[in-house]
Amino acid sequence: MTCMEWAKAFGAPRHVAQTTLKDGTWISTVWLGIDHSFSGGPPLIFETMVFPSKDNLREQLYRRYTTEAEAKAGHAQIVYDLKKAKKVTGDSDAASKNP
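Conventions we followed
Residues numbered from 1 in each chain as written. Predicted model: local features only at pLDDT ≥ 70, side-chain atom pairs only at ≥ 80, totals over all residues. Heavy atoms only, no water. Helix = DSSP H or I, 4+ residues; strand = E, 2+ residues; numbered from the N terminus. Buried < 20%, exposed > 50% of the residue type's maximum accessible area, 1.4 Å probe, protein only. Contact = heavy atoms within 4.5 Å. Areas by Shrake-Rupley, 256 points an atom, 1.4 Å probe, with all protein chains shown as cover. Core = buried A, V, L, I, M, F, W, Y, C linked by side-chain atoms within 4.5 Å. Polar contact = N/O pair within 3.5 Å; in protein donor to acceptor, adjacent residues only side chain to side chain. Salt bridge = Lys/Arg side-chain N within 4 Å of Asp/Glu carboxyl O. Expected span 1.5 Å × (residues − 1). Arc of directions from axis to C-beta.

Asks: Tell me about the overall build of the protein, residues and numbers included.
Replies: Each helix and strand in the protein was counted, giving two helices and five strands. Order of helices (α) and strands (β) in the protein, N terminus to C terminus: α-β-β-β-β-α-β. Looking at the 99 residues of the protein, the share that counts as buried comes to 32%. Pairs at least 24 residues apart make up 44% of the contacts formed inside the protein by residues separated by at least 6 positions. Carbon and sulfur atoms make up 58% of the accessible area of the protein, which amounts to about 6200 Å² in all.

Asks: Let's hear about the nonpolar core: which residues, and what values?
Replies: Residues Val-16, Leu-21, Ile-27, Trp-31, Phe-46, Val-50, Tyr-65, Ala-71, Ile-78, Val-79 and Leu-82 constitute the largest nonpolar core, which totals eleven residues. For this core, the element with the highest residue contribution is helix α2 (residues 68-86), accounting for four residues.

Asks: Explain the side chain of Thr-25 to me, and be specific about the residues and the numbers.
Replies: Position of Thr-25 among the secondary structure elements: in the loop between β1 (15-21) and β2 (26-31). Among the polar contacts listed, one links the side chain of Thr-25 to the side chain of Asp-23, at a separation of 2.9 Å. Not counting the four nearest positions on each side in its chain, Thr-25 is found in contact with Thr-19, Thr-20, Val-50, Phe-51, Pro-52, Leu-82 and Lys-86.

Asks: Tell me about the pattern of salt bridges, and please be specific about residues and values.
Replies: As enumerated under the stated definition, the model contains two salt bridges in all. Between Arg-64 and Glu-47 there is a salt bridge, with its nearest N and O atoms 2.7 Å apart. In this pair, Arg-64 sits in strand β4 (residues 61-65) while Glu-47 sits in strand β3 (residues 46-51), placing the two residues 17 residues apart along the sequence. Judged by relative accessible area, which is 28%, Arg-64 ranks as partly exposed. The class of Glu-47 is buried, set by a relative accessible area of 7%.

Asks: Please set out α2 residue by residue, giving values where relevant.
Replies: Three- or four-residue spacings in an α-helix give side chains the same orientation, since the helix completes a turn every 3.6 residues. Taking 1.5 Å of rise per residue, the 19 residues of α2 would be expected to cover 27 Å, and the 27 Å separating its terminal C-alpha atoms lies within 8% of that figure. For α2, every residue scored as buried is listed here: Ala-71, Gly-74, His-75, Ile-78, Val-79 and Leu-82. All buried residues of α2 lie within an arc of 135° about the axis, which places them on one face of the element. Facing away from the buried side of α2 by more than 90 degrees, the exposed set consists of Ala-69 and Lys-84.

Asks: Explain the environment of Val-50 to me, using residue names and the numbers behind them.
Replies: Along the chain, Val-50 falls in strand β3. Overall, the relative accessible area of 3% leaves Val-50 in the buried class. When the C-alpha atoms of Val-50 and Ile-78 are compared, they prove to be 8.6 Å apart, with 28 residues separating the residues in sequence. Setting aside anything within four residues of it in sequence, one finds Val-50 in contact with Thr-25, Trp-26, Ile-27, Arg-58, Glu-59, Gln-60, Leu-61, Ile-78 and Leu-82.

Shown next, in the form of C-alpha cells:
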C-alpha cells in the first residue's frame, strides 16, 4: 500500500462491525490503519473494543487482530460471550466493509 492509498483508506469509515446490546453495551470493531503490535509479531491492525454505551466511551475490554476475518470472528465471539454472561437477548448489528 502506498502512502496515498493508506491516507485515502485512513480517511474512510473504518468500522468492520458494531453491535449494541439491549442493555446499551456497545461493541465496536475497526480497522486501525496503524500496526499496534508494539512488541513485534504479526501486524495488529484491527481492534474490537467494548464500551458501556455509545455515549460512555470508557473502555471495558479490547482485543486486536491481524486480519479482517479474525476481527469479524473476534467481534462475534465477544458479542456471544457478553450475551451469555449478561443473559441478554437481542441486539442491533451494523456492519460496514473495511476500507
